[in-house]
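Next come the chains, spelled out residue by residue.
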Amino acid sequence: MTTLQLVEVTAGFGAVTVLHGIDLDVKDGEIAGVFGLNGAGKSVTMKTIAGIVPARSGQIWFDGVDITRLDAESRVEMGMGHVPQGRQVFANLTVEENLRLGAYTLRRRDKSRYPAVLDSVYDRFPVLRERRTQKAGTMSGGQQASLAVARALVNEPRLILVDEPSAGLSPKMQGDLREVLQVVKDSGVTMVLVEQNVAFGLSLVDTANLLQTGVVVHTAPVAELDEDTLATHLGIGRVLAGATGSALTARKKR
Amino acid sequence: MLQVLAIGLISAGIYALFAVGIVLVYRGTKVLTFAGGEVGTAALYVAAFLVTDHGMPWVVGALAAVLIAAAAGLAFEAGLVRWSREADPVVTSILTVALSATIFATEFNLHGNNPTTLETPVRIGSGLDVDGVIVSPIQIAAIVVAALLGFGLQSFLRRTDFGLAILAAADDAPATLLVGVRVSRIRLVLWASSFGLAAVAALLVEPTVGFITPGYASTLYLGGLAAAVIGGLDSLPGAVVGATVLGLAQAFADKYFKGLGLSGLSYVVTLTLLLVVLLVRSYAPEIRKRLAAPVEVTA
């Protein structure tokens, strides 16, 4: 069954149209990757799905409901979660306050369920339990990334949009983050992952959607992707495609 | 000494009430609002219209004044602030100056410079005798309400989801939106609360002066602004502490420097305090760094 579907969505800012009729199909429980070069429209795609940038035409369906005209807050209430670009944890709030805010709509629906949900999130991210009274802004980049993911999970979303999670992280922190996202994947939550770092993204996603100047030019399960396709559609050259190809090989071996 | 303390605390209560409203908006929007004084004055005119001109009970007039001020806050946010959201908060601050000037001009056109009176249930001159200074119940109420608001609101911000959402929206509005918080609603509540608080402050202050003229509360509001800055601008208890420091400093200066015959002594005290606090705050990190640095010993 499809969790999220974009049908010929166009969007942009002012006189500039960035998305020129995007189609996207995200099945229940899968991680769909959206890859592309700078300016391809990856972040605008995420913002349009989130409801921050309005779609000019086309349709966005979430769990069988047309959400094209819904505002961002209503989409969160429906079960959409976010790990925004740059992680964007609330630096002046503690870990626990960040999580409480993450469960804003859950607590409004049913406050009594929150302690159990919080406990399960702490079980998945023990470091956050240890640091629950610490201000988020004083934690390391990797810990903030964990908090951003946990903050999205604590609202029990059916879909999480993860925007450029590896940006600005060291290779070691990227490894930690991969494990964090793997935990989310194993929990069965559907995810859309936008990544500039194709190798990082390919190590996680089930399906890759390759974006070029606001259009999805190629969609395929990761198992069916090869270096040539990446080099052709992402325009990253064979050397880089080779690097991402090793990520592909690693995935195919799993 | 007790006398000076009593006078200082009366002023502190007034400044704190205005300062709390200023900090509340600043914490939620990073906008420094200059309109509270005139909003408070306008609220008093509304109360006077209902109570003095139409014989309604003071409670009804006061309630109407607070509600109308809160409604003005809603209208100001929805009509002007919302449309300047993408701009620097300084732009919105300037909008509040424009609002203040507009309200002042309207008051002046309607009432001229003639003092208007508002019949209040409690008059100055009766109450607690503190070393010769009569502290009226309404002045005590101002101090108590200010302290309750300063410390109570701080607790509200940390302990409730809505309060946390206010803090988060000030930190990062787009990220707050993405956790499902209706940030626009928060901003409406903040502006309505701030303007409502300005009305409450003006109503509690009015009996001390006894009459209303255009711009009446704006002078006191400047004290509130200074108190908010002294308290750190983003701390509600800090606003109350700042107001107390300012109120007491003015009272002590008045007692001990009155003989010098300086006019506008309270302004001198306010500006000196502001200058000292801002200087200390800007140099504090450097001083701390130097104190923490190991001392080099040369042979």
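Residues numbered from 1 in each chain as written. Chains lettered and ligands numbered in written order. Predicted model: local features only at pLDDT ≥ 70, side-chain atom pairs only at ≥ 80, totals over all residues. Heavy atoms only, no water.

Asker: For this particular structure, what's the right way to read the overall build of chain A?
Answerer: Across its full length, chain A carries 11 helices and 10 strands. Against the globule reference of 18 Å for 254 residues, chain A gives a C-alpha radius of gyration of 18 Å, in line with a compact fold. Seen through its principal axes, chain A has C-alpha atoms that stretch 50 × 40 × 35 Å. Surface accessibility of chain A: about 10300 Å² in total, with carbon and sulfur atoms responsible for 53%. Within chain A, one finds 28 positive and 28 negative side-chain charges whose respective centroids are separated by 5 Å. (Helix = DSSP H or I, 4+ residues; strand = E, 2+ residues; numbered from the N terminus. Rg over C-alpha atoms; globule rule 2.2 N^0.38 Å. Areas by Shrake-Rupley, 256 points an atom, 1.4 Å probe, with all protein chains shown as cover. Lys, Arg positive; Asp, Glu negative; His and termini not counted. Charge placed at Lys NZ, Arg CZ, Asp CG, Glu CD.)

Asker: Help me out: how do you make sense of the nonpolar core in this one?
Answerer: Considering soluble globular proteins, one finds that nonpolar side chains tend to be buried as a cluster. Counting 78 residues, the largest nonpolar core has Leu101 of chain A together with Leu118 of chain B as its most contacted members. Among the elements that take part in this core, helix α8 (residues 183-209) of chain B stands out by supplying 13 residues, more than any other. When residues no more than four places from it in sequence are discounted, the contact partners of Leu101 of chain A are Phe90 and Leu93 of chain A together with Asp161, Leu164, Ala165, Ala168 and Val179 of chain B. Leu118, Tyr122, Val184 and Met191 of chain A belong to the second largest nonpolar core, which has 47 residues in total. (Core = buried A, V, L, I, M, F, W, Y, C linked by side-chain atoms within 4.5 Å. Buried < 20%, exposed > 50% of the residue type's maximum accessible area, 1.4 Å probe, protein only. Contact = heavy atoms within 4.5 Å.)

Asker: So what exactly am I meant to see when it comes to the packing of helix α1 (residues 2-29) of chain B against helix α5 (residues 137-159) of chain B here?
Answerer: Two numbers describe a pair of packed helices, the interaxial angle and the distance between the axes. Residue and element names in this part refer to chain B. Here α1 crosses α5 at 30 degrees, and the two axes come no closer than 7 Å. As the angle between them shows, α1 and α5 are arranged roughly parallel. Crossing geometry of α1 relative to α5 is assigned as left-handed. Contact residues: α1 offers Leu9, Ile10, Gly13, Ala16, Leu17, Val20, Leu24 and Arg27, while α5 offers Gln139, Ala142, Ile143, Val145, Ala146, Leu149, Gly150, Leu153, Gln154 and Leu157. Looking at the contact of α1 with α5 residue by residue, the classes come out as 13 nonpolar, 4 polar and 1 charged. (Axes fitted to C-alpha atoms, helices over the stretch in contact; angles between N-to-C directions. Parallel < 35°, antiparallel > 145°, perpendicular 65-115°, else oblique. Left-handed = near helix turned anticlockwise from the far one by under 90°. Nonpolar A, V, L, I, M, F, W, Y, C, P; charged D, E, K, R; others polar.)

Asker: Even after reading the chapter, I still don't get the packing of helix α3 (residues 95-102) of chain A against helix α5 (residues 114-124) of chain A, so can you show me in this structure?
Answerer: Residues and elements named next belong to chain A. The interhelical angle for the contact between α3 and α5, taken along N-to-C directions, is 125 degrees, at an axis separation of 11 Å. As summarised for this structure, α3 and α5 are arranged oblique, according to the angle between their axes. In terms of crossing hand, the pair formed by α3 and α5 is right-handed. Two secondary-structure elements touch here, α3 through Glu96, Leu99 and Arg100 and α5 through Tyr114, Leu118 and Tyr122. In terms of residue class, the contact of α3 with α5 is built from 4 nonpolar, no polar and 2 charged.

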